Amino acid sequence: MENKCTDINNLLEKLSLEDLSGYEFVDYWDADTTALGLKKGNVLIYISAYDYYKTNSYDIIIEELETGAILKSEDNRSYDELINDIQFFLK
């Protein structure tokens with residue numbers, strides 16, 4: 001994605017190699033160069049790479065689109081933890 005930081009673009013490359021299906025990348029945060037979204041059905045997964053260069057981790061918020069209800073919110077997730085979170089909610 002052109003308007004995203006290197007850390008997000010690197011994450012996009014890594015995610016493309018994972019066995020995730022039926023999701024689409026969304027970018028509801030044009031001004032936030034450290035954010036990326038995955039959407040499947042009524043579930044939106046917001047991933048932030050803010051401070052990735054310092055922490056080597058991601059922040060994630062998973063919400064229900066229709067209601068905005070937060071299903072999960074975690075900070076400082078490793079890549080493997082992030083993938084587990086994504087797979088659980090995109091199944």
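This part covers the nonpolar core. Ranked by size, the top nonpolar core spans 22 residues in total, and within it Leu-11, Leu-15, Ile-45, Ile-47, Tyr-58 and Ile-86 carry the most contacts. Listed by contribution, the elements that provide at least two residues to this core are helix H1 (6-16), strand E2 (35-40), strand E3 (43-48), strand E4 (58-64) and helix H3 (79-90). Here this core takes five residues from H3, the largest share from any one element. Once residues lying within four places of it in the same chain are set aside, the contact partners of Leu-11 are Leu-36, Ile-47, Tyr-58, Tyr-79 and Leu-82. Formed by five residues, the second largest nonpolar core is a distinct cluster that contains Val-26, Trp-29, Leu-44 and Tyr-46.

As a further point, take the environment of Lys-91. You can see Lys-91 is positioned in the segment after H3. Judged by relative accessible area, Lys-91 falls into the exposed class, the value being 73%.

So, on to the sheet that holds strand E1 (residues 24-26). Spatially, five strands are ordered E1-E2-E3-E4-E5 in an open sheet, and the strand pairing comes out antiparallel. At either end of the open sheet lies a strand with only one pairing partner, and these are E1 and strand E5 (70-77). The mean inter-strand angle of the sheet, taken between neighbouring strand axes irrespective of direction, is 20 degrees. In this sheet, E5 lies alongside E4 in antiparallel orientation, the contact comprising five bridges. Pairing of Ile-62 across the sheet is with Lys-72, part of E5.

So, how was this worked out
- Residues numbered from 1 in each chain as written.
- Predicted model: local features only at pLDDT ≥ 70, side-chain atom pairs only at ≥ 80, totals over all residues.
- Heavy atoms only, no water.
- Core = buried A, V, L, I, M, F, W, Y, C linked by side-chain atoms within 4.5 Å.
- Buried < 20%, exposed > 50% of the residue type's maximum accessible area, 1.4 Å probe, protein only.
- Helix = DSSP H or I, 4+ residues; strand = E, 2+ residues; numbered from the N terminus.
- Contact = heavy atoms within 4.5 Å.
- Pairing = 2+ DSSP bridges.
- Axes fitted to C-alpha atoms, helices over the stretch in contact; angles between N-to-C directions.

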